[in-house]
Amino acid sequence: MSTDTLRVPEPLIRAGALIKYNSLLRLRDPSQLISYLVAPMVFMVMFQPLYTKALSYGSIQAVTGQLMMFSVFAMSIVANSIFVEREWLTWDRLRASRAARAELLIGKALPVFFVLLIQQAVLIVFGWAVVGMPFPKSLWLLTLAMCVWGFALLGMGAMLSTIVRSRGDLFVACDVGALLISSIGGAILPVDLMPPWAQAITTFSPGTYGLSMLRSAVQGDVAGTLQPGVICLVIGLICGAVATFRLAHGWGRSHLV
């Protein structure tokens, strides 16, 4: 076999280098991930007795609600991973390199995507082992739901990183947006217990579909997982397309920060 057949394609080499570089950035600053793991664990334990008395699926709500809420907070990790390149004045250099736009986005996205999956997986295990949530009936369905929800967060965070103009704006947008998405989506107060006017606007929150998808996945409900999953997938695709368009047309350049 010739050496040419064993040669790794250059796009894979470039994407691999970017993935390694961005993985190192995540490993060197794990504080955000730790806080988004510890805080929901505390809230799960505190809310579980209340949800159990109010709902037949109380333990599942206690776990999936906090998982969804703090995974939306973790959207700031996604947004910051791209925005920091603009702030360091290195994004323009990356765009001027031989790496294609898709390679740049893959290199930024994959490490953060795995961070989101780790966060969700740890919280699911904690919810089962400590909070009393029933063991998921279908692990493949739950894995699919976590991947789709992580993809939606990735798209929303990437879009946000191309819109804000300062780190302060980024954190305010992430925090306020996370509270709105999660609270309207039923993470704190289940939709069934909300006043009528609040129930009317839940359909406009991505959190509504994310929470429904995760809860259904834990219960092993295939149809209940796939229907909101398609909506979450579309949200991720639209937001990702907007982010890609803006970065490709110069709106993500460093001088705009």
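Reading the values: rules and limits
- Residues numbered from 1 in each chain as written.
- Predicted model: local features only at pLDDT ≥ 70, side-chain atom pairs only at ≥ 80, totals over all residues.
- Heavy atoms only, no water.
- Helix = DSSP H or I, 4+ residues; strand = E, 2+ residues; numbered from the N terminus.
- Contact = heavy atoms within 4.5 Å.
- Areas by Shrake-Rupley, 256 points an atom, 1.4 Å probe, with all protein chains shown as cover.
- Buried < 20%, exposed > 50% of the residue type's maximum accessible area, 1.4 Å probe, protein only.
- Lys, Arg positive; Asp, Glu negative; His and termini not counted.
- Salt bridge = Lys/Arg side-chain N within 4 Å of Asp/Glu carboxyl O.
- Polar contact = N/O pair within 3.5 Å; in protein donor to acceptor, adjacent residues only side chain to side chain.
- UniProt positions renumbered as here; feature names shortened; annotations may be inferred.
- Phe/Tyr/Trp six-rings, centres within 6.5 Å; stacked < 30°, edge-to-face > 60°.
- Core = buried A, V, L, I, M, F, W, Y, C linked by side-chain atoms within 4.5 Å.
- Expected span 1.5 Å × (residues − 1).
- Bend = angle between axes of the 7 residues up to and from the residue.
- Axes fitted to C-alpha atoms, helices over the stretch in contact; angles between N-to-C directions.
- Left-handed = near helix turned anticlockwise from the far one by under 90°.
- Nonpolar A, V, L, I, M, F, W, Y, C, P; charged D, E, K, R; others polar.

So, on to the overall build of the chain. Scanning the chain from N- to C-terminus turns up 12 helices and 0 strands. In the chain, 79% of the contacts between residues at least 6 apart in sequence involve partners at least 24 apart. Of the accessible surface of the chain, which amounts to about 12500 Å², a share of 71% is contributed by carbon and sulfur atoms.

This next bit is on the side chain of R215. With respect to the helices and strands, the residue R215 is situated in helix 11 (residues 206-219). In this structure, R215 is buried with no salt-bridge partner, the nearest side chain bearing the opposite charge being D192 at 6.5 Å. At a separation of 3.3 Å, a polar atom in the side chain of R215 contacts the side chain of Q61. Once residues lying within four places of it in the same chain are set aside, the contact partners of R215 are Y57, I60, Q61 and T64.

What follows is about the environment of M44. Summarising the element assignment, M44 is placed in helix 3 (residues 31-54). Placed 83 residues apart in sequence, M44 and G127 show a C-alpha to C-alpha distance of 7.4 Å. With residues up to four places along the chain from it excluded, the contact list for M44 reads A62, V63, Q66, L67, L123, F126, G127 and V131.

This part is about the UniProt feature "transmembrane region" (unreviewed entry) in the chain. UniProt's feature table lists "transmembrane region" (unreviewed entry) at residues 33-51, 63-84, 105-128, 140-163, 170-191 and 230-248, given in the numbering used throughout. Note that residues 33-51 is 100% helix and 0% strand, and that its end C-alpha atoms are spaced 26 Å apart.

On to the packing of aromatic side chains. Tallying each qualifying case throughout the model produces 7 aromatic pairs. The interplanar angle of 40° and the centroid separation of 5.5 Å between the aromatic rings of F70 and F73 together place this pair among those described as tilted. Of this pair, F70 and F73 both sit in helix 4 (residues 58-73), 3 residues apart, which is roughly one turn of the helix. Of the two residues, F70 and F73, neither departs from the other in class, the shared state being buried. Taken together, the ring pairs in this structure connect Y36, F43, F47, Y51, F70 and F73 into an aromatic cluster.

Membership of the largest hydrophobic core comes to 52 residues, with the highest contact counts inside it found for M68, V72, I124, W149, M156, L214 and C232. Among the elements that take part in this core, helix 8 (residues 139-161) stands out by supplying 10 residues, more than any other. Not counting residues within four places of it along the chain, the set of residues in contact with M68 comprises W149, I181, S182, G185, A187, G207, L211 and L214. Counting residues in each nonpolar core, the second largest holds 6 residues, with F83, V164, L170 and C174 among its members.

Look at helix 3: 34 Å from first C-alpha to last across 24 residues, which is about the 34 Å you get at 1.5 Å a residue. Of all the bends found along helix 3, the most pronounced is centred on F47 and spans about 45°, while P49, a proline, follows it within four residues. Those residues of helix 3 that sit buried are L33, Y36, L37, P40, M44 and Y51.

Along the chain, Y209 falls in helix 11. A C-alpha to C-alpha distance of 9.8 Å links Y209 and G186, two positions 23 residues apart in sequence. Ignoring sequence-local partners within four residues, the contact set of Y209 consists of T203, P228, I231 and C232. Engagement of the side chain of Y209 in a polar contact is seen with the backbone oxygen of T203, the distance being 2.7 Å.

To continue, consider the packing of helix 11 against helix 12 (residues 222-248). Direction vectors running N to C along helix 11 and helix 12 enclose 145°, while the axes themselves pass 8 Å from each other. Crossing geometry of helix 11 relative to helix 12 is assigned as left-handed. Residues P206, Y209, G210, S212, M213, S216 and A217 of helix 11 form the contact with helix 12, whose participating residues are G224, T225, P228, G229, I231, C232 and I235. Partitioned by chemical class, the residues of the contact of helix 11 with helix 12 number 8 nonpolar, 6 polar and no charged.

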